[in-house]
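Single-letter residue listing:
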Amino acid sequence: MSAYGLYLHVPFCHHRCGYCDFNTYAGLEGLIPAYVQALCREIELLASSAGRPLQAGTVYFGGGTPSLLTPTQLETILIKLAECFSMEGGVEVTLEANPGTVTLDYLRQVRSLGVNRLSLGVQSADADELRFLEREHTFEDVQRSVAWARAANVTNLSLDLIFGLPGQSLAGWKRSLQAALELAPEHISLYALSIEHGTPLHARLLRGEVGSPDPDAAADMYEWASECLVGAGYEQYEISNWARRETSGELLACRHNLQYWRNLPYLGFGAGAHGYIDGWRTVNVLSPAAYIQRCQSGIALDFPRTPATTHIQAVDRVAEIGETMMMGLRLTQEGVQASAFEGRFGEALETKFGRQIADLVAKGLLEWASAPGERLRLTQRGRLLGNQVFVNFV
Ligand code: SF4
């Protein structure tokens with residue numbers, strides 16, 4: 001039985017940060033109790049329509065700010081998941097949390113519920129940058145949250161940082177990353193700031209109140225960070241992600257996200273959540289109120305559709321191949337394995353994309369790892385120009 005990734009979206013935040021374009025809402029926290037009931041209903045309806053037992057390999061509470069859910073609300077959802085899915089064999093359970101929304105007692109309680117991975121949105125160690133991003137926490141909140149997480153026996157901790165802010169200096173970025181590394185996380189994710197249309201930050205950019213991010217400066221920050229993290233004992237395994245190895249030798253990569261990058265099936269629950277299973281991609285209604293209403297009054301539908309589904313699309317072979325290449329090439333070590341590709345699609349990788357591969361290898365953007373013809377991956381330079389590479393396969 002394949003193990004699925006289960007994503008649960010929690011679309012609530014105390015405040016909407018100026019750069020954020022996620023499906024999340026401030027001021028709707030009053031909906032949370034009904035939303036938790038709706039999530040449980042969607043889980044139940046989807047599992048009952050599957051007609052087969054479903055196994056969970058990972059559970060990921062993402063947002064929004066999932067740490068706005070109380071331990072009791074998280075427990076209600078986890079109990080429902082355990083009723084509807086087989087959860088044997090070390091399921092990774094991640095909770096995204098904002099520093100400033102957690103306490104030692106909260107972390108102890110969620111840890112005892114089975115949350116075994118915590119992902120903290122740090123973004124920066126610089127007070128001015130945190131203000132620019134409209135984050136509600138300080139770096140002192142981050143330090144306290146990490147200390148509490150360790151006291152609560154969280155042994156798999158991930159920190160997220162953003163670089164490439166308008167006017168950010170390389171020296172400032174170095175200070176932020178070094179401050180984050182002093183907290184000794186097992187995992188670290190680094191994202192370049194992208195100013196998305198429709199966000200308040202984009203409106204400020206149009207009004208000339210803030211400058212544009214400088215892509216060359218961001219590339220320098222990324223290159224410096226890659227070297228710094230490797231020097232600090234982290235291994236890069238994805239364009240934006242680094243992890244330490246356990247003493248057992250296991251790389252503490254995010255198993256849930258590996259499911260996406262390997263283009264393997266997952267189920268999405270909650271407002272705006274996406275799923276990919278049995279050759280179908282599904283998208284749920286965005287509005288939390290509409291989500292609650294649909295789940296409350298809904299009945300079981302043909303799998304994998306639920307009452308919250310607004311879009312469902314069959315993924316044909318051409319699209320699946322393109323997505324497998326685009327996602328797999330994000331994995332900087334693993335890349336796309338030629339034998340796995342052939343096993344999945346019945347055609348050799350070099351037969352399907354011989355011309356594109358030869359061209360991108362000649363340009364120094366792709367390379368064969370291990371031995372020629374074994375694993376195709378981005379070169380160091382290719383990591384900076386991923387989109388130019390991916391477009392050749394879709
Ligand atoms: S905390 Fe995260 S999800 Fe919430 S508004 Fe800020 S960036 Fe968006």
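Residues numbered from 1 in each chain as written. Predicted model: local features only at pLDDT ≥ 70, side-chain atom pairs only at ≥ 80, totals over all residues. Heavy atoms only, no water.

What follows concerns a negative patch on the surface. A contiguous patch of negative charge, built from Asp-214, Asp-216, Asp-220, Glu-223 and Glu-227, is present on the exposed surface. Along the chain, Glu-223 falls in helix H8 (residues 215–231). (Patch = residues over 30% accessible without salt bridge, like charges linked within 9 Å, V, L, I, M, F, W, Y side chains within 5 Å. Areas by Shrake-Rupley, 256 points an atom, 1.4 Å probe, with all protein chains shown as cover. Salt bridge = Lys/Arg side-chain N within 4 Å of Asp/Glu carboxyl O. Lys, Arg positive; Asp, Glu negative; His and termini not counted. Charge placed at Lys NZ, Arg CZ, Asp CG, Glu CD. Helix = DSSP H or I, 4+ residues; strand = E, 2+ residues; numbered from the N terminus.)

All right, on to the domain arrangement of the chain then. If you check the domain split of the chain, you get domain 1 (3–259) and domain 2 (317–393). Contacts between the two partners involve 10 residues from domain 1 and, on the opposite side, 9 residues from domain 2. In total, about 870 Å² of surface goes out of reach between domain 1 and domain 2, with carbon and sulfur atoms giving 58% of it. Across the domain 1-domain 2 interface, the total number found is 1 salt bridge. When the shortest N-O distance is used, the salt bridge between Arg-330 and Glu-238 registers 2.5 Å. Along the contact surface separating domain 1 from domain 2 lie 7 residue pairs in polar contact (both at pLDDT 80 or more). When contributions to the side of domain 1 that touches domain 2 are tallied by element, the ones reaching two or more residues are H8 and strand S9 (235–238). (Domains from an automatic or database assignment. Contact = heavy atoms within 4.5 Å. Buried area = accessible area lost by both parts, 1.4 Å probe. Polar contact = N/O pair within 3.5 Å; in protein donor to acceptor, adjacent residues only side chain to side chain.)

Right, let's talk about the pattern of salt bridges for a bit. Where charged atoms from two side chains of opposite charge come close, those side chains can pair. One pass over the full model with this rule turns up 17 salt bridges. Between Arg-131 and Asp-128 there is a salt bridge whose closest N-O contact spans 2.6 Å. With Arg-131 and Asp-128 both in helix H4 (residues 127–132), this residue pair falls 3 residues apart, about one helical turn. Relative accessible area serves as the criterion here: at 52%, Asp-128 is assigned to the exposed category. A salt bridge links Arg-262 to Glu-334, with the nearest nitrogen and oxygen atoms 2.8 Å apart. Here Glu-334 lies in the loop between helix H11 (317–328) and strand S15 (336–337) and Arg-262 lies in the loop between helix H9 (255–261) and strand S11 (266–269), a separation of 72 residues in the sequence. The class of Arg-262 is partly exposed, set by a relative accessible area of 35%. Sharing partners across several salt bridges, the network here consists of Arg-41, Glu-44, Lys-80 and Glu-83. (Buried < 20%, exposed > 50% of the residue type's maximum accessible area, 1.4 Å probe, protein only.)

Packing of helix H1 (residues 32–50) against helix H2 (residues 71–84) brings their axes to within 9 Å, and their N-to-C directions diverge by 5 degrees. By the angle between their directions, the pair H1 and H2 is classed as roughly parallel. Residues Ile-32, Pro-33, Val-36, Gln-37, Leu-39, Cys-40, Ile-43, Glu-44 and Ala-47 of H1 lie in contact with H2, whose contacting residues are Gln-73, Thr-76, Ile-77, Lys-80, Leu-81 and Cys-84. When its residues are assigned to classes, the contact of H1 with H2 shows 10 nonpolar, 3 polar and 2 charged. (Axes fitted to C-alpha atoms, helices over the stretch in contact; angles between N-to-C directions. Parallel < 35°, antiparallel > 145°, perpendicular 65-115°, else oblique. Nonpolar A, V, L, I, M, F, W, Y, C, P; charged D, E, K, R; others polar.)

The next point concerns the nonpolar core. The nonpolar side chains of a soluble globular protein tend to be buried with one another. Judged by nonpolar contacts, the single largest core of 95 residues is most densely connected at Ile-77, Phe-85, Leu-177 and Leu-190. When residues in this core are grouped by element, the largest group, 10 residues, is from H1. Both domain 1 (3–259) and domain 2 (317–393) contribute no fewer than three residues apiece to this core. If we ignore the near neighbours within four places in the chain, the residues touching Leu-190 are Leu-161, Phe-163, Trp-173, Leu-177, Ala-225, Leu-229, Ser-240 and Trp-242. (Core = buried A, V, L, I, M, F, W, Y, C linked by side-chain atoms within 4.5 Å.)

Bringing the site of the ligand into the picture now. Taken together, Cys-13, His-15, Arg-16, Cys-17, Tyr-19, Cys-20, Phe-22, Thr-24, Gly-64, Asn-98 and Arg-135 form the complete shell of residues around the ligand. When the residues that make up the shell around the ligand are grouped by side-chain class, the tally is 5 nonpolar, 4 polar and 2 charged. (Near = heavy atom within 4 Å.)

For the rest of this paragraph, the subject is the sheet that holds strand S17 (residues 375–378). Strands sit in the order S15-S17-S16 across an open sheet of 3 strands; the sheet is antiparallel. The sheet terminates laterally at S15 and strand S16 (366–369), the two strands that pair on one side only. Those strands touched by helix H13 (residues 349–362) are S15, S16 and S17, and its axis lies near 125 degrees from that of S16. (Pairing = 2+ DSSP bridges.)

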